[in-house]
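Summary of the model geometry
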Amino acid sequence: AQTVTQSQPEMSVQEAETVTLSCTYDTSENNYYLFWYKQPPSRQMILVIRQEAYKQQNATENRFSVNFQKAAKSFSLKISDSQLGDTAMYFCAFQEAGANSKLTFGKGITLSVRP
Amino acid sequence: DGGITQSPKYLFRKEGQNVTLSCEQNLNHDAMYWYRQDPGQGLRLIYYSQIVNDFQKGDIAEGYSVSREKKESFPLTVTSAQKNPTAFYLCASSRLRRGSYEQYFGPGTRLTVT
């Protein structure tokens, strides 16, 4: 079974600065997908970014980028130019490639952006 | 507007009563899911359905039941057998995109059982 670990329960960053959220996972699969979801105080889950394991290039979406290290089974999220609206819980998630569409989530990290 | 709706947003029940949480989507997604969220626990999968009239247990299915009679609807019943039903429940649906099943979530239902 796959496991996803987010070891930092909370982080804080000054507005306009950069912050990195860590995530590690454990799997014996070679093909899979990784995701970061954001859950703001409204509790609406929002997909932030995804990464295909077969791609060496790290995914980017505007101010959000990942550092995907397949051998180390590490998948960190970097938020550049942090904004107050980035204050949220962030969840890392794993999905096997293939027909099974289940996601396995980490426990999440609470990020606070200070003005 | 396409999306996933969950109703109601807040639900209160007495212990011993069954309660059904609604989840509807008009995104034409084949797969739907139910998650439970507790503080410090992340999201845990209760049940999922990849096609109409078929569903599978997730990691914490005990005390819950589901049905999938229509593509658009995936209601979750929290039975009296669920020992700790008070939680935030999230419904999701997914589509196949670029090889993976990206999940999209509803706004959630906060269930309180006293």
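Look up: the structure comes first, before these words.
This report concerns the structure included in the present document. (Residues numbered from 1 in each chain as written. Chains lettered and ligands numbered in written order. Predicted model: local features only at pLDDT ≥ 70, side-chain atom pairs only at ≥ 80, totals over all residues. Heavy atoms only, no water.)

**Focus on the layout of surface pockets**
- Put simply, the largest pocket is a space of about 370 Å³.
- In terms of lining residues, the largest pocket is bounded by 19 residues, among which A:Q2, A:L103, A:T104, A:F105 and B:D59 are the most central.
- For the lining of the largest pocket, the elements supplying multiple residues, two or more each, are β10 (88-96) and β11 (104-105) of chain A together with β5 (42-51) of chain B.
- Considering each element in turn, the lining of the largest pocket owes the most residues, four residues, to β5(B).
- Its residues placed into classes, the lining of the largest pocket shows eight nonpolar, six polar and five charged.
- Taken as a whole, the second largest pocket holds about 240 Å³ of empty space.
- Lining the second largest pocket we find 15 residues, and of these A:I49, A:R50, A:A59, A:E61 and B:R98 sit closest to its centre.
- Listed by contribution, the elements that provide at least two residues to the lining of the second largest pocket are β6 (46-52) and β7 (60-61) of chain A.
- The element that contributes the greatest number of residues to the lining of the second largest pocket is β6(A), accounting for six residues. (1 Å grid on protein atoms, 1.4 Å probe; cavity = no way out; pocket = protein on both sides within 12 Å on 5 of 7 lines; lining within 4 Å. Points joined across faces, edges and corners; volume = space filled by probe spheres on them. Helix = DSSP H or I, 4+ residues; strand = E, 2+ residues; numbered from the N terminus. Nonpolar A, V, L, I, M, F, W, Y, C, P; charged D, E, K, R; others polar.)

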